[in-house]
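Working through the structure, step by step
Read off the chains here:
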Amino acid sequence: MKSFDSSTIDGFQHPINTLEYRRRCREELEAKGALVLRGFLTREAIDQVVGDVGLREDEAYYATSTHNVYLTPSDSDLPPNHPLNRQVTSSKGLIADDQIPSDSPLRTVYEDPSFRDFLCAVLGVDNIHPYADDLASINVHFASTGRELGWHFDNSSFAVTMLLQAPEGGGVFEFAPNLRNADAGEMAFGMVGSVLDGDHPVEALVFSPGDLILFRGRNAMHRVTPTEGSVPRLLAAFAFNDRPGVSLSESALRTFYGRTS
Ligand SMILES: O=C(O)CCC(=O)C(=O)O
Ligand SMILES: [Fe+2]
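When helices and strands are tallied, the chain shows six helices and 14 strands. Here the C-alpha radius of gyration of the chain, 18 Å, is about what a compact globule of 261 residues would show, namely 18 Å. Counting only C-alpha atoms and orienting by the principal axes, one finds that the chain spans roughly 55 × 40 × 40 Å. A total of 261 residues make up the chain; the buried ones form 34% of that total.

In structure tokens, the structure reads:
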């Protein structure tokens, strides 16, 4: 397994092997539901990644684009303005793990044992594992002008992402923290409705290329506003599973990637 060196992760600003740094990160994630580690990837590594994957935008897959906030089917027994029936648009595209070069710094980071230990310590989990399929582990999201990611809750309990390229305008990550307790079965229809109506306060997380973001999106409703200008927003998403050897189901692969291998 590869191990990171100073050309990939800025270990001076982010001493991920130290207990003290891990504790600070964990406290901040617990307090805010989000943690932004500024300048985590070195400039050199960002340039290499953007150079590699920026060229593959025409290979990006664009999944069907409307969904409710819960990413569940709508319910025709309920009125059209019920949160289960209110549709938002997601128009970003993505490339899958098998389209990312084998020597990409994204892989160096993803596969690094110290990075995984750091994530486990900060997220408070025993172990994390890559997906067993060829598509899900590392993805790069593309949002060219006008493209966005609509309001939603994540299915997974945590997300690990890294901004690679910022657009000239828009592309803002907005969230409404602690909207519900998903494990207690809360749907928070009232508050979800007011976020969709623009009546509930939301926060914006501002991040720059190279920043690593840890986010708990199961209970925090969030979205990315439409990109403005000619520079696409590029974001890497690192996906992990709590058990080894798990693949996304065939139907999930078809939904997210339009193919199964
Ligand atoms: O693009 C982002 O910053 C967030 C992505 C996200 O929320 C998701 O993929 O579920
Ligand atoms: Fe999300």
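Turning our eyes to something else, we now look at the site of ligand 1. By nearness alone, every residue bordering ligand 1 is listed as His141, Leu149, Asp154, Ala159, Thr161, Phe173, Gly217, His222, Val224, Leu235 and Ala237. For the shell around ligand 1, the elements supplying multiple residues, two or more each, are β7 (159-165), β12 (221-224) and β14 (233-238). Looking at the shell around ligand 1, its residues break down into six nonpolar, four polar and one charged.

Strand order in the open sheet formed by four strands is β6-β12-β9-β10, with antiparallel pairing between adjacent strands. At either margin of the open sheet sits one strand with a lone partner, and together these are β6 (149-152) and β10 (203-205). For this sheet, the mean angle separating the axes of adjacent strands, direction not counted, is 20°. In the sheet, strand β9 (residues 173-176) pairs with β12 via four bridges, with the strands oriented antiparallel. Residue pairing across strands places Phe175 opposite His222, the latter belonging to β12.

The phi angle at Leu71 is positive, at roughly 60°, despite the residue not being glycine. Locating Leu71 in the fold gives a position in the loop between β2 (66-67) and β3 (88-89). One non-glycine residue, Asn178, lies in positive phi territory at about 45°. The residue Asn178 is located in the loop between β9 and α5 (189-197) in this model. The partly exposed category is assigned to Asn178, around which 14 C-beta atoms lie within 10 Å.

The alternating pattern of β12 places Met221 and Arg223 and His222 and Val224 on opposite faces, both of which are buried. Of the pairings in the sheet, the one linking β6 to β12 comprises two bridges and is antiparallel in character. For Leu149, the partnering residue across the bridge sits in β12 and is Val224.

Moving on, we come to helix α1 (residues 19-32). The terminal C-alpha atoms of α1 lie 20 Å apart, and with 14 residues this matches the ideal 20 Å at 1.5 Å per residue to within 8%. Gly33, located one to two residues past α1, shows a positive phi value of around 75°.

What follows concerns the environment of Asp52. When you line up the elements, Asp52 lands in helix α2 (residues 43-53). Classification of Asp52 as partly exposed rests on a count of 17 C-beta atoms within 10 Å. For the pair formed by Asp52 and Asp103, sequence separation is 51 residues and the distance between their alpha carbons is 9.9 Å. Sequence-distant contacts of Asp52, that is, excluding residues within four places in its chain, are made with Pro101 and Ser104.

It is worth spelling out the nonpolar core at this point. Ranked by internal contacts, the top residues of the largest apolar core, which has 60 residues, are Val140, Met162, Leu164, Met221 and Ala236. Per-element tally for this core: the top contributor is helix α4 (residues 113-123), with five residues.

Let us now look at the packing of α1 against α4. Between α1 and α4, whose axes approach to 8 Å, the crossing angle comes to 45°. In terms of orientation, α1 lies oblique with respect to α4. Pair α1 / α4 crosses with right-handed handedness. Here Arg22, Cys25, Arg26 and Leu29 of α1 lie close against α4, whose contacting residues are Phe118, Ala121 and Val122. Its residues assigned to classes, the contact of α1 with α4 shows five nonpolar, no polar and two charged.

Thresholds applied
Residues numbered from 1 in each chain as written. Chains lettered and ligands numbered in written order. Predicted model: local features only at pLDDT ≥ 70, side-chain atom pairs only at ≥ 80, totals over all residues. Helix = DSSP H or I, 4+ residues; strand = E, 2+ residues; numbered from the N terminus. Rg over C-alpha atoms; globule rule 2.2 N^0.38 Å. Buried ≥ 20, exposed ≤ 12 C-beta atoms within 10 Å, placed from the backbone. Near = placed C-beta within 6 Å. Nonpolar A, V, L, I, M, F, W, Y, C, P; charged D, E, K, R; others polar. Pairing = 2+ DSSP bridges. Axes fitted to C-alpha atoms, helices over the stretch in contact; angles between N-to-C directions. Expected span 1.5 Å × (residues − 1). Contact = placed C-beta atoms within 7 Å. Core = buried A, V, L, I, M, F, W, Y, C linked by C-beta atoms within 7 Å. Parallel < 35°, antiparallel > 145°, perpendicular 65-115°, else oblique. Left-handed = near helix turned anticlockwise from the far one by under 90°.

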